[in-house]
Each structure stands twice: as structure tokens, then as C-alpha cells.
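Descriptive structure summary
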Amino acid sequence: MNMTTVTKGLSKLVLRTSVALPLLLAPAVSVTVLEAVGVSGSFAQAQAAEQKTRKTPAMRESAFKYLGKAQEAAEAQNFQGALAALKEMEAGKDKLNGYEAAQMYYFYGYVYYSMENYKQAIAYYQKVLQQGEENLPVALEVGTLLTIAQLYFVTEDYKQAVNYLNKWFAVADNINADSYALRAQAYYQLGDNAKALADMNKAVSMFEKEGKIPKENWYGLQRFLYYDKNDYKQVTNILEKLVKHYPKGEYYKQLAGMYGELKREDDMLHMMEAAYIAGALQKEKELLNMAYLYMGAEMPYKGAKVIDKGIKEKKIERTSKNLETLAQAYQMAQELQKSIPELEAAASMSDKGDIYSRLAGIYLDLDKNDKAVDMGAKALKKGGIKRPDQLYIVLGMANANLKKYDDSLKFFKKALDDKRSEKFAKQWITFVESEQEREKQLAM
């Protein structure tokens, strides 16, 4: 069975990643604006730590008051009030030093981000960077670069997202797996699969080395990128992790497809069975494929049960072909009594006589000669039989068993017209004629 179709859906994989941004408050604002006056000890220590590597102007109390008013409004979800406070502060921007202006623009960015006005948020965060290194603590500059990159990602401007992520990577000292994963997804959206794969592999590796389980969508992108390279072994490895950590029927099916590509038929069967048990196989084609796999693996009774259940649940259409397949599975399982009703139903729905012809042979094997003759007559009436010579042999034998020798000889003589049955038919003709003669002698 060709199971590659199970994996074709991978090529349509679309990543939808939401970027969860932290509360975007500058360190200089987060504590001090909540106090009546002055700078708290913890803020003073943080400010001193930042200025060890870059000396920046100090934040004055007048600026604290404006930002404190804006923060109070923002925390109450009064974003228009926060903007009003910031605009009041901006009206006197000529009196602000570079660091105070940077903090003001940073808070503008945060408010617009909170309002989901990402375009405006980006514009104000960029104004933070425009204040120059001499006015920006290192942490503020680095954090702003990452925030802009994330916002560009959210707005689907992946080129700029990569641009700012690369700037952030160049200066940040806290690059983690999430950072590599974010850039990987941006590269993927730009069509740079090689860089996307390198970054996603790094993200996954970092998590796994720490004993953590990588995120599901990380594995998803990694899987797609390897599939795009036709590296089915790596795709299989990743799907095995997805099945283990994020068990879903769809992953079972995809992994079964990969096992099929790698000619691991036993593993393919087991994984498809897991998908079936998990209820992931719902379409007729999927269920029939499962049945064929069982039949091919010499487990025809399981295959029959899959089809039977599918028909009862109306997931598999009750067609002549499907009923014939069900009967075939029962026959392979040596369940002839169960196969007969299905074959009779299939035969009645078929526009050709082949299935009735098969039934005639089955009834002959069961020594039900009257039924064999009846089925044979229906087969001839419908017509379109692929091997009429075989049916003639069956009808000849059934009639011979019923001692209807004239009818028997009639069918055997018809079988003589096909070279494939000629020898067998001649043997039966000789036998029937001798039986006919013997019974005449006994009757005298």
C-alpha cells in the first residue's frame, strides 16, 4: 500500500506564532513612580549597575511625576489618560534630557502596545533608540531592540523582524531557546529555510540539553523543514518525539507515513493501529487503508472488523465494492459463513455477475449444490463475467452432484471453448458420462 499521502499535508504547514510580550516598563519607572518622592534603594542600585557600563543622564523628579501619572492610568486600563499624561510631558520635551526622553518614548510604546496599535508602538520604540547610546542604559537599548523585533513579527513584517533580531543577537547576553525559535520562524516566513532550520535546531537542542520538552510548534517547524529537504529519517525522529510528548492522532498518521517511506512496514502498521485506536482515522479511505494493512499483514479478521464497524457507523459507504472487500477479509480469515451474506449483498448491488460467480464457487465448496446452481444462474443473467469458463465448471460440478447429468454435461461442454479449462472439462465430461451410464445400468 502506498502510504505517502499520509504525509502530504506537511507541505501545507502554516505557523501562527503569537508573541507574548512582557510588561514594557523601563526600570527607571517601574518602582520610583509609585513613591511620593525620591528614588528607592532598589532602583538606585539597578540604575548604578546599568551605568557601570554606560554613563547616562539621571532621571529628575519632574519626569518621575509625569511618568508616574501615566503609569497609574495605564494600570487602570485608562490608556487615553496615560497618553494624555505623556503628551503633557512631551509638550516640555525641550527641557528633558536624553534619558528622560527615552523613558517617555518607551512608555508611549508600551501604552500603544497595550492598545494593540502596533504600528504606533514600533514608531515610539524606534524613537527610544534614536536618543543615542549616550542616553540609553544598556538594558533599555537591548530590551527595546527585542521588543521592536517581536512587534514586527506580530505585524508580519518578517524582514524587519529578522533585521532587529540580528541587532539584538549582536548585543544581548541572555539569548535563549525562545530567541532562536522566534528568529527561525521569521526566517521561515522569508523563505530562508536553511537559516530557519539552523536556528530551530539550536532552540530544540538547548531545551533538550536542559531536560525540557521543546514546544510543539518548534517540532512542527523543524519537521516541516526536514521534510522539505526529503530527510525522512530526521522527520521520523521528530514525529517520534511529537507522538511521545504531544500524542495526537494526526502525528500517529504522519509517523506511519514516514515509516512507510522508510520501508518499516511493521512499524507503519503499529502506528496506524495506534491512530485507529485513538480515533484519528475517520475518513473512508483511511479506514479502508487500515483494513488493507491488516489483510496484508495476515490479520484479515482485524481488517474485516474495521470495515464492518466503519459501515455500521456510516463512515464507510455500503457499496458493492466495499462489501466485497469485507467478504474477502472474512474469507481470508476462514470465516466463510460471515463472508457469504456480505458477498450476496455486494452481488445484488453490482451491475456484473462476477460476485454471484464467486458465490457459486463458495456454495459448491460448502456442498450446497442447489445454492451454487442458483448463484450461477444469477451470475449468467447479469453477465459481464471475467471467467465464464470457471463458472461453467462450477455449474457442471454442482449439477453432477445433484445427479442432473444432462445439465452438467451442457455446462462442461461450454467450458471446452476456453483453452484454460479445456483439459479439466474433458475429465469431468468423461466422469459424468460414465456415471450417467452406470446409473442407467443399475436402473435396468
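Scroll up to find the structure this text is about.
The notes below deal with the structure included here. Because the structure is predicted, anything quoted here is derived from the model rather than measured.

Of the regular secondary structure elements, the protein holds 23 helices and 0 strands. The buried share among the 444 residues of the protein stands at 48%. Sequence separation of 24 or more characterises 54% of the internal contacts of the protein that already satisfy a separation of 6 or more. Summed over all atoms, the accessible surface of the protein reaches about 22800 Å², with 49% contributed by carbon and sulfur.

Here the focus is the pattern of salt bridges. With the rule as written, the count across this model stands at 23 salt bridges. The shortest N-O distance in the salt bridge between Glu250 and Lys253 comes to 3.4 Å. Here Glu250 pairs with Lys253, and both are found in helix α13 (residues 249-261), just 3 residues apart, close to one helical turn. Here Lys419 makes a salt bridge to Glu422, at a shortest N to O gap of 3.6 Å.

So, about the environment of Asp199. Assignment of secondary structure puts Asp199 in helix α10 (residues 193-209). Taking the C-alpha atoms as reference points, Asp199 and Gln222, separated by 23 residues in sequence, lie 9.6 Å from one another. Discounting chain neighbours no more than four positions away, the residues touching Asp199 are Tyr180, Arg183, Ala184 and Tyr187.

Moving on, we come to the packing of helix α21 (residues 388-401) against helix α22 (residues 405-415). α22 packs onto α21 with a crossing angle of 160° between their chain directions and a minimal axis gap of 8 Å. In terms of orientation, α21 lies roughly antiparallel with respect to α22. Helix-helix and strand crossings are classified by hand; for α21 and α22 the assignment is left-handed. Only Tyr405, Asp407, Ser408, Phe411, Phe412, Lys414 and Ala415 of α22 make contact with α21, whose side of the interface consists of Asp389, Tyr392, Ile393, Leu395, Gly396, Met397, Asn399 and Ala400. A per-class count over the contact of α21 with α22 returns 9 nonpolar, 3 polar and 3 charged.

Another point: the environment of Gln334. Mapping Gln334 onto the fold places it in the loop between α17 (320-332) and α18 (336-349). Along the primary structure Gln334 and Tyr301 are separated by 33 residues, whereas in three dimensions their C-alpha atoms are 8.8 Å apart.

Moving on, we come to helix α20 (residues 369-382). The terminal C-alpha atoms of α20 lie 20 Å apart, and with 14 residues this matches the ideal 20 Å at 1.5 Å per residue to within 8%. Turning to α20, its buried residues are Asn369, Ala372, Met375, Gly376 and Ala379. Within α20, the buried residues cover an arc of 120° as seen down the axis, which keeps them to one side. The outward face of α20, more than 90 degrees from its buried face, is lined by the exposed residues Asp370 and Lys381. Looking at the packing, one finds that the buried side of α20 touches α18, α19 (354-365) and α21. Positioned one or two residues after α20, Gly383 has a phi angle of 75°, which is positive.

For the pair helix α3 (residues 61-75) and helix α4 (residues 79-91), the least separation of the axes is 7 Å and the interaxial angle reads 165°. One way to sum up the angle between α3 and α4 is to call them roughly antiparallel. When the axes of α3 and α4 are compared, the crossing they make is left-handed. Listed contacts from α4 to Ala63, Tyr66, Leu67, Lys69, Ala70, Ala73 and Ala74 of α3 are Phe79, Gly81, Ala82, Ala85, Leu86, Glu88 and Met89.

With 14 residues, α18 should cover 20 Å at 1.5 Å per step; its first-to-last C-alpha distance of 20 Å lies within 8% of that length. Among the residues of α18, those classed as buried are Ser339, Ile340, Glu342, Leu343, Ala345, Ala346 and Ala347. Against α17, α19 and α20 lie the buried residues of α18.

Okay, the packing of aromatic side chains next. Summed over the entire model, instances satisfying the criterion amount to 18 aromatic pairs. Aromatic pair Phe153 and Tyr158: ring centres 5.3 Å apart, planes at 80°, arrangement edge-to-face. Pair check on accessibility: Phe153 and Tyr158 agree, each one buried. Ring pairing ties together the aromatic residues Tyr105, Tyr108, Tyr112 and Tyr124, which thus form one cluster. Its guanidinium or amino end placed over the ring of Phe207, Lys212 lies 5.1 Å from that ring's centre, counting from NZ or CZ. Its guanidinium or amino end placed over the ring of Phe411, Lys410 lies 4.8 Å from that ring's centre, counting from NZ or CZ.

Parameters at a glance
Residues numbered from 1 in each chain as written. Predicted model: local features only at pLDDT ≥ 70, side-chain atom pairs only at ≥ 80, totals over all residues. Heavy atoms only, no water. Helix = DSSP H or I, 4+ residues; strand = E, 2+ residues; numbered from the N terminus. Buried < 20%, exposed > 50% of the residue type's maximum accessible area, 1.4 Å probe, protein only. Contact = heavy atoms within 4.5 Å. Areas by Shrake-Rupley, 256 points an atom, 1.4 Å probe, with all protein chains shown as cover. Salt bridge = Lys/Arg side-chain N within 4 Å of Asp/Glu carboxyl O. Axes fitted to C-alpha atoms, helices over the stretch in contact; angles between N-to-C directions. Parallel < 35°, antiparallel > 145°, perpendicular 65-115°, else oblique. Left-handed = near helix turned anticlockwise from the far one by under 90°. Nonpolar A, V, L, I, M, F, W, Y, C, P; charged D, E, K, R; others polar. Expected span 1.5 Å × (residues − 1). Arc of directions from axis to C-beta. Phe/Tyr/Trp six-rings, centres within 6.5 Å; stacked < 30°, edge-to-face > 60°. Lys NZ or Arg CZ within 6 Å of the ring centre and 35° of its normal.

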